[in-house]
Amino acid sequence: MKKDRILVTGGTGYIGSHTVVELQKAGYPVVIIDNLSNSNAEVIDGIERITSVRPDFVEGDCTDIETLRRLFASFPDIKGIINFAASKAVGESMHKPILYYRNNLNTLLNLLDLMGPNGVKGIVFSSSCTVYGEPDENPVTEAAPIKKATSPYGNTKQISEEIITDVINAGAPFKSVILRYFNPVGAHPSAEIGELPNGVPQNLIPYLTQTAIGIRQELSVFGDDYNTPDGSCIRDYINVVDLAQAHVIAVERMLNDISDKKIEIFNLGTGNGVSVLELIHTFEEATGVKVPHKIVGRRAGDIEKVWANPAFANEVLGWKATTSLADTMRSAWAWQCRLRERGIM
Ligand code: NAD
Ligand code: UFG
């Protein structure tokens, strides 16, 4: 049976591109909208090389409601949305709060506004463990209190979750699955797609692999005086393909009315906390490649330690992150090497 079309906003981005691959593998026709502010259109070629299907692509900005109106008019069969489009760097958001509030919130409001009139049945929203702020206890369950966000970026995720809840509670004719990601890392095992932010990477792994290959001189470890065993921050690093697969399950849940709840929230993580220094060590062990690094001061807005209790997603979605951190590090390195072979980085 033909499956419903899914609109993937931010679909040429890092998590979006891996999710488009999994959606297409599961038989969903996809249309991507992306303004290419943090990605490039060649990602579509990589998706096609993996799946033998070229997703439809609209270059456009989701903060412009007229662009979205035209998109829905061109693709009247869209039944689900996965909203990845957002600005996403915690540190940058401390310096550019207006950019973050404008981009992340206007994108969501426009989509929610257009869903009902266009007969869209559900939206998967990319939230983040940043909504927990600095948690009192780890691992974190979905029941943990939402603490005051430590960055404008984190605040956009908290506000977005509230907006979705208010809109659905006000009687909107659609459902939402809110996915709180911990730290997605790695690349597709084919090395056809991976993380390739525009400019200097803000996130740890792309900075690390660019350092390992010699593009950057040295990786800065932001702080070794945190209250953790080795003093560096702790995160839950989850393989991006494992993460992408959870989105297909979420879409199926909404479109097939598998749950009678109109809003569901899931933590997506591995359940393992890993420090920055441990991660560097795992990368070096897994690849045999050294990463020059130095300890520098803390980065404003960073959380000390956070890792997931993913039991709810494991049970209810029947989903589990299974890829080892060593394999994930090897995939990130293979991707970086592929970029070098292609003369891109
Ligand atoms: P990304 O930057 O690689 O992808 C986001 C994509 O959205 C980019 O291709 C960008 O060009 C596009 N985009 C941004 N604003 C847009 C707009 N107004 N209109 C159209 N396209 C726009 O980021 P990612 O890592 O793939 O993150 C995807 C989502 O997941 C984001 O919402 C992010 O906040 C969330 N998230 C990411 C992480 C992470 O560590 N990567 C963790 C938790 C949550
Ligand atoms: N880090 C360094 N050096 C770097 C970059 C990062 O030491 O050059 C450290 C950070 O201090 C932090 C850890 O590596 O301790 C992870 O940092 P990232 O920037 O990779 O990730 P964040 O945890 O800050 O944030 C990311 C995404 C957010 C998302 C969040 C969820 O950027 O969008 O994960 O935890 F919300």
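These numbers were taken from a predicted model, which means no experiment stands behind them.

### Points about the pattern of salt bridges
As a working rule, side chains carrying opposite charge can pair if their charged atoms are close by.
Then comes step 1: Inspection of every chain in the model, using the stated rule, returns 24 salt bridges.
Then comes step 2: With a shortest N-O distance of 2.6 Å, E161 and R180 are connected by a salt bridge. Of this pair, E161 sits in helix α6 (residues 152-169) while R180 sits in strand β6 (residues 175-181), placing them 19 residues apart in sequence.
Then comes step 3: Under the relative-accessibility criterion, R180 is labelled buried at 4%.
Then comes step 4: A salt bridge links K305 to E304, with the nearest nitrogen and oxygen atoms 3.0 Å apart.

### Things to note about the packing of helix α7 (residues 204-212) against helix α11 (residues 325-341)
Then comes step 1: Two elements in contact, α7 and α11, have axes separated by 10 Å at closest approach and are oriented at 60°. Judged by the inter-axis angle, α7 sits oblique to α11. When you trace α7 past α11, the crossing you get is right-handed. Taken together, the residues of α11 that come into contact with α7 (itself represented by I205, P206, T209, Q210 and A212) are M329, A332, W333 and Q336.
Then comes step 2: Along the lines of polarity and charge, the residues of the contact of α7 with α11 split into 6 nonpolar, 3 polar and no charged.

### Examining the site of ligand 2
Then comes step 1: Taken together, 21 residues are adjacent to ligand 2, and S128, N183, S220, R235 and D302 come closest.
Then comes step 2: In the environment of ligand 2, an oxygen atom lies 2.8 Å from a nitrogen or oxygen atom belonging to the side chain of N203.
Then comes step 3: Between ligand 2 and L204 there is a distance of 2.9 Å, counted from an oxygen atom to a backbone nitrogen or oxygen.
Then comes step 4: Taking 680 Å² as the accessible area of ligand 2 by itself, protein coverage stands at 93%.
Then comes step 5: Looking at the shell around ligand 2, the element that brings in the most residues is strand β8 (residues 219-222), giving 4 residues.
Then comes step 6: Residue classes in the shell around ligand 2 are distributed as 11 nonpolar, 6 polar and 4 charged.

### Focus on empty space enclosed by the protein
Then comes step 1: For the structure shown, the criterion picks out 3 cavities of 30 Å³ or more.
Then comes step 2: Estimates place the volume of the largest cavity at around 60 Å³.
Then comes step 3: As for the largest cavity, its lining consists of G186, A187, E195, I205, P206, T209, A332, W335 and Q336.
Then comes step 4: Among the residues making up the lining of the largest cavity, the classes are represented as 5 nonpolar, 3 polar and 1 charged.
Then comes step 5: Of the voids in this model, the second largest cavity is the one considered here, and its volume is about 40 Å³.
Then comes step 6: As for the second largest cavity, its lining consists of K175, S176, V177, R253, M254, S259, K261, K262 and E264.
Then comes step 7: Only β6 and α8 (240-255) provide two or more residues apiece to the lining of the second largest cavity.
Then comes step 8: Top contributing element to the lining of the second largest cavity by residue count: β6, with 3 residues.

Rules behind the numbers
Residues numbered from 1 in each chain as written. Chains lettered and ligands numbered in written order. Predicted model: local features only at pLDDT ≥ 70, side-chain atom pairs only at ≥ 80, totals over all residues. Heavy atoms only, no water. Salt bridge = Lys/Arg side-chain N within 4 Å of Asp/Glu carboxyl O. Helix = DSSP H or I, 4+ residues; strand = E, 2+ residues; numbered from the N terminus. Buried < 20%, exposed > 50% of the residue type's maximum accessible area, 1.4 Å probe, protein only. Axes fitted to C-alpha atoms, helices over the stretch in contact; angles between N-to-C directions. Parallel < 35°, antiparallel > 145°, perpendicular 65-115°, else oblique. Left-handed = near helix turned anticlockwise from the far one by under 90°. Contact = heavy atoms within 4.5 Å. Nonpolar A, V, L, I, M, F, W, Y, C, P; charged D, E, K, R; others polar. Near = heavy atom within 4 Å. Polar contact = N/O pair within 3.5 Å; in protein donor to acceptor, adjacent residues only side chain to side chain. Areas by Shrake-Rupley, 256 points an atom, 1.4 Å probe, with all protein chains shown as cover. 1 Å grid on protein atoms, 1.4 Å probe; cavity = no way out; pocket = protein on both sides within 12 Å on 5 of 7 lines; lining within 4 Å. Points joined across faces, edges and corners; volume = space filled by probe spheres on them.

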